[in-house]
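Remarks on the overall topology
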Amino acid sequence: MLAISLAVCSGWRALAQPALPKSVEEQSSSPAAGVNKPIDPQAWFAKGQAALQAGDLDAAEAAFHKVLVADPRAGSAYANLGVIAMRRKEWDRAIALLQKGEKLEPKTAGIRLNIGLVEYRRGNYAAAIAPLSSVLRDQPDSQQARYLLGLCQVFTKKFAEAVTVLEPLWPQKSDDVLYLYLIDIAAVESGQKGLDEKILRQMIAVGGGTPEFHLIMGKAFLNRFEVGEAQAELERAAEGNPDLPFLHLNLGITYMRLGQNERAEREFLRDIALEPDLADNYEQLGVLYSRMQKDEDAEKSFREALHRDAKSAGPYLGIAKLYQKQNKPEAGLKMIDTALRLSPDIHGGHFLRGRILTQLGRQKEARLEFAAAQKAMDSRLDKERGSLEEDRVPNPELTRQP
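The rules behind these values
- Residues numbered from 1 in each chain as written.
- Predicted model: local features only at pLDDT ≥ 70, side-chain atom pairs only at ≥ 80, totals over all residues.
- Heavy atoms only, no water.
- Helix = DSSP H or I, 4+ residues; strand = E, 2+ residues; numbered from the N terminus.
- Buried < 20%, exposed > 50% of the residue type's maximum accessible area, 1.4 Å probe, protein only.
- Contact = heavy atoms within 4.5 Å.
- Areas by Shrake-Rupley, 256 points an atom, 1.4 Å probe, with all protein chains shown as cover.
- Core = buried A, V, L, I, M, F, W, Y, C linked by side-chain atoms within 4.5 Å.
- Phe/Tyr/Trp six-rings, centres within 6.5 Å; stacked < 30°, edge-to-face > 60°.
- Lys NZ or Arg CZ within 6 Å of the ring centre and 35° of its normal.
- Polar contact = N/O pair within 3.5 Å; in protein donor to acceptor, adjacent residues only side chain to side chain.
- Expected span 1.5 Å × (residues − 1).
- Axes fitted to C-alpha atoms, helices over the stretch in contact; angles between N-to-C directions.
- Parallel < 35°, antiparallel > 145°, perpendicular 65-115°, else oblique.
- Left-handed = near helix turned anticlockwise from the far one by under 90°.
- Salt bridge = Lys/Arg side-chain N within 4 Å of Asp/Glu carboxyl O.

What about the overall build of the protein?
The helix and strand tally for the protein stands at 23 helices and two strands. Counting the 402 residues in the protein, one finds 51% classified as buried. Taking the intrachain contacts of the protein between residues at least 6 apart in sequence as the baseline, contacts between residues at least 24 apart amount to 54%. Entry remark: accessible area of the protein is about 18900 Å², with carbon and sulfur atoms responsible for 51%.

Spelled out as structure tokens, the structure:
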């Protein structure tokens, strides 16, 4: 799992030193000086790079601001200030600075790579695709840009495109189980069964007997709805490392699919103890409580999920289902509208909205929603995806912060 995090982290780097004028005159801030003192922007840029590499973000920031005083069009100074904001996880500030740098130096691929990386870190996967694609066009051998682009395409359900982007990494990364798992998601979802079988054989060949391998194999079987095999692999992982991150989340999903609700609840709660800020745990627990008719506990769990990830459509859908069942259509409509805004093709979304509109007596609008739901079901591939998305397997290990 570390391979992804380390690869992603490598994007946080200083850019190449730009060609700057050797000196610029600046009015001294000291009244006693009484004379203008020159600023050497190249020297300050070098100081900023050295400080950035040493991890002294405050000194680096001050140095790059000095460069901008001397040359307000120094795009690389803006870009490195963006890198500093990235290291501080100030994503909005990072985007603003990197975009200034890109405007001044549009041919610098490293700036666009970091823009894609920031959007990836913010969970704006669709927004990351364009800058990462442009990097890949300029630098087809960039493994980092290719891998990040494949991740973002998987997360935005562009599965066939993801296979095309990720397959060229096979010679370098086919011994990386997490890479194999990622491309297998794309292969399964795009209906490429031959590639799916090839990937599964490779997973078995390279994975060994580590708990991490059994976890990924278990997830692969879950994606294929081979629940018995998934249970066996995940329980092997638990024997080797019961505190493995995300293991109990996936065991909970497995037991929930097997109808073993009490065991599923214990697993979700155990993963919450290990990963208290992971929204997926609370969302899956909400789904479980909904099936167990524990509506109050279900809503509480869905809201805990939203507290940790307000951009996740699933919990809004879950609450909308509860409100529709409880004959609270006005509140339910707000919830389903939010879910569909966040994920327009979320499974069951249009059908549920139609039912809620029917409760409100808005029959004409309800018929439009039912028609939209039927259109999605008319496609065989959409039916297959719908069954998977209804009981989706979260992939937090693919987005885990390093």
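Some thoughts on the nonpolar core
Counting 113 residues, the largest nonpolar core has Leu166, Tyr179, Ile199, Met203, Phe268 and Ile336 as its most contacted members. Of the residues forming this core, the biggest block, ten residues, is contributed by helix α11 (residues 177-189). Filtering out sequence-adjacent residues up to four positions away, Leu166 remains in contact with Arg146, Tyr147, Gly150, Tyr179, Leu182 and Ile183.

A word on the packing of aromatic side chains
Per the stated rule, a full pass over the model turns up six aromatic pairs. Centre to centre, the rings of Tyr147 and Tyr179 are 6.4 Å apart; their planes meet at 40 degrees, and the pair counts as tilted. Of this pair, Tyr147 sits in helix α8 (residues 143-155) while Tyr179 sits in helix α11, and the two are 32 residues apart along the sequence. Judged on exposure class, the residue Tyr147 and its partner Tyr179 are both buried. Taken together, the ring pairs in this structure connect Tyr120, Tyr125 and Phe155 into an aromatic cluster. Over the aromatic face of Trp170 sits the side chain of Lys198, whose NZ or CZ is 4.5 Å from the ring centroid. Positioned above the aromatic ring of Tyr255, the side-chain terminus of Arg263 is 4.1 Å from the ring centre.

Focus: the environment of Asn250
With respect to the element layout, Asn250 can be found in helix α15 (residues 247-257). With a relative accessible area of 0%, Asn250 lands in the buried category. Those residues in contact with Asn250, other than ones at most four positions away along the chain, are Leu215, Lys219, Leu222, Leu234 and Val393. Among the polar contacts listed, one links the side chain of Asn250 to the side chain of Lys219, at a separation of 3.2 Å. Polar contacts involving the side chain of Asn250 include one to the main-chain carbonyl oxygen of Phe246, which spans 2.8 Å.

Side note on helix α20 (residues 329-342)
End to end, α20 covers 20 Å across 14 residues, agreeing with the expected 20 Å (1.5 Å per residue, within 8%). Buried residues in α20 make contact with α19 (313-325) and α21 (349-359).

Concerning the packing of helix α3 (residues 57-70) against helix α4 (residues 75-87)
It is the contact of α3 with α4, at a shortest axis distance of 9 Å, that shows an interaxial angle of 160 degrees. Comparing their axes, α4 and α3 come out roughly antiparallel. The handedness of the crossing between α3 and α4 is left-handed. Seen from α3, the contacting residues are Leu57, Ala60, Glu61, Phe64, His65, Val67 and Leu68; seen from α4, they are Ala77, Tyr78, Asn80, Leu81, Ile84 and Arg87.

Describing the pattern of salt bridges
For the structure shown, the criterion picks out 20 salt bridges. A salt bridge links Glu61 to Arg88, with the shortest nitrogen-to-oxygen separation between them at 3.1 Å. Of the two residues, Glu61 sits in helix α3 while Arg88 sits in the loop between α4 and α5 (91-104), which places them 27 residues apart along the sequence. Note on Glu61: relative accessible area 17%, which makes it buried. Residue classification places Arg88 among the partly exposed positions, given a relative accessible area of 26%. Between Arg224 and Glu197 there is a salt bridge, with its nearest N and O atoms 3.4 Å apart. Taken as a pair, Arg224 in the loop between α13 (211-223) and α14 (227-240) and Glu197 in helix α12 (residues 193-207) lie far apart in primary sequence, 27 residues in all. Among the residues examined, Glu197 registers a relative accessible area of 36% and is labelled partly exposed.

Regarding unusual backbone geometry
Here Phe225, not a glycine, exhibits a phi torsion of approximately 60 degrees, which is positive. Examined against the element boundaries, Phe225 turns out to sit in the loop between α13 and α14. With a relative accessible area of 37%, Phe225 lands in the partly exposed category. Of note in the backbone geometry, Phe246 takes a positive phi value of approximately 75 degrees without being a glycine.

Quick look at the packing of helix α7 (residues 125-138) against α8
Closest axis-to-axis distance for the α7/α8 pair is 9 Å, and the angle between their directions is 150 degrees. One way to sum up the angle between α7 and α8 is to call them roughly antiparallel. Judged by the twist between their axes, the crossing of α7 over α8 is left-handed. Contacts from Tyr125, Ala128, Ile129, Leu132, Ser133, Val135 and Leu136 in α7 reach Ala145, Arg146, Leu148, Leu149, Cys152, Gln153 and Phe155 in α8.

Some words on the environment of Gln284
With respect to the element layout, Gln284 can be found in helix α17 (residues 279-291). The class of Gln284 is buried, set by a relative accessible area of 4%.

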